[in-house]
Amino acid sequence: MQNPEREWFGTRKVSAREKTDLVRGVFDSVADKYDLMNDLMSGGRHRLWKDRFVRQIRPRPGMKCLDVAGGTGDIAFRLKRKGAQVTVSDINEEMLRVGRDRAIDRGWLALEWVPANAEDLPFDDESFDLYTIAFGLRNVTHIDKALAEAARVLKPGGKFFCLEFSRVEEPFIAKIYDAWSFNVIPRIGAAVAKDRESYQYLVESIRKFPPQKQLVRRMAAAGLSQCRYTNLDFGVVAIHQGVKV
Ligand code: SAM
């Protein structure tokens, strides 16, 4: 094969196929410690970001929602509490297993858990009122394919929401954030999850993800309209949203 397509895996270029497998390996490896690690790495802030994300969505009872790269269910549970009807999908069955166990502990049997790649969703066209993806899009090998799939499965008027690590636009805060993420997070990963490499990947993948305005342009190119973003914590994370016309 001539010049096979190369993708970033952290700071390394690998083939597209390899990236999908490597990312799957990262989440296989971290699944059991994922929730604890999120708390340690973000100082508990990921809970506030997720609460804010769902407040911005304003889900209504009965709304048909698809949470892509839904992992252990943090966004799905928040949507469910508001009465939404939620399907969680993720490429990694280990993450879904942990999520399903958490849902059973809460007595929530009505959530649907579907293994699927965000780039090739096993759902009909125009079948959801809401598409969410939280801390998932940066792990997807072909972001534009995932965005096109989001637009495809949304009903006309349906809404797209993405919560993702983004770019800190304030230089002083960016320095502190870099020091924390490059030095502290992989060490926490090594100490708690006994897996420095996976957490090194997570930090590096954040730096390779498109900055806010570029992601807005790519959402529009995928067929979404009214695309915009809101920074949280100076852009450490951003909420991107758009509407399927
Ligand atoms: N959304 C959850 C949350 O906010 O806690 C989980 C986020 S976790 C950082 C990223 C998730 O993306 C993992 O569960 C991983 O398996 C999933 N993922 C990675 N690549 C994917 C892909 N191509 N399609 C679907 N899910 C993917």
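Just so it is clear, the structure is predicted and the values come from calculations on it, not from any experiment.

This paragraph deals with the nonpolar core. Across soluble globular proteins, nonpolar side chains show a tendency to be buried alongside one another. In terms of nonpolar packing, the biggest core is built from 31 residues, with Trp49, Phe53, Leu79, Leu163, Phe165 and Val237 touching the most fellow members. Elements with a contribution of two residues or more to this core: α3 (45–57), α4 (74–81), β4 (85–90), α5 (93–105), β6 (128–134), β7 (154–165), α7 (171–192) and β9 (237–244). With near-sequence residues (within four places) excluded, Trp49 lies in contact with Ser42, Phe135, Leu163, Phe165, Leu232, Asp233, Val236 and Val237. Judged by nonpolar contacts, the second largest core, of 28 residues, contains Val140, Leu154, Met219 and Cys227.

Backbone geometry at Phe135 places phi at a positive 55 degrees, although glycine is not the residue there. The residue Phe135 is located in the loop between β6 and α6 (143–153) in this model. The backbone of Gln226 shows a phi angle near 50 degrees, a positive value even though the residue is not glycine. Its place among the elements puts Gln226 in strand β8 (residues 224–232).

Take the site of the ligand next. Near the ligand you find 18 residues, and of these Ala69, Asp90, Asn117, Ala118 and Ala134 are the closest. With respect to the ligand, the side chain of Tyr34 contributes an N or O atom lying 3.0 Å from an oxygen atom. Within the contact set of the ligand, a nitrogen atom lies 2.9 Å away from a backbone nitrogen or oxygen of Ala118. Considered on its own, the ligand offers 590 Å² of accessible surface; in the complex 98% of this is hidden by protein. Residue composition of the shell around the ligand, grouped by class: 11 nonpolar, five polar and two charged.

Conventions and cut-offs
Residues numbered from 1 in each chain as written. Predicted model: local features only at pLDDT ≥ 70, side-chain atom pairs only at ≥ 80, totals over all residues. Heavy atoms only, no water. Core = buried A, V, L, I, M, F, W, Y, C linked by side-chain atoms within 4.5 Å. Buried < 20%, exposed > 50% of the residue type's maximum accessible area, 1.4 Å probe, protein only. Helix = DSSP H or I, 4+ residues; strand = E, 2+ residues; numbered from the N terminus. Contact = heavy atoms within 4.5 Å. Near = heavy atom within 4 Å. Polar contact = N/O pair within 3.5 Å; in protein donor to acceptor, adjacent residues only side chain to side chain. Areas by Shrake-Rupley, 256 points an atom, 1.4 Å probe, with all protein chains shown as cover. Nonpolar A, V, L, I, M, F, W, Y, C, P; charged D, E, K, R; others polar.

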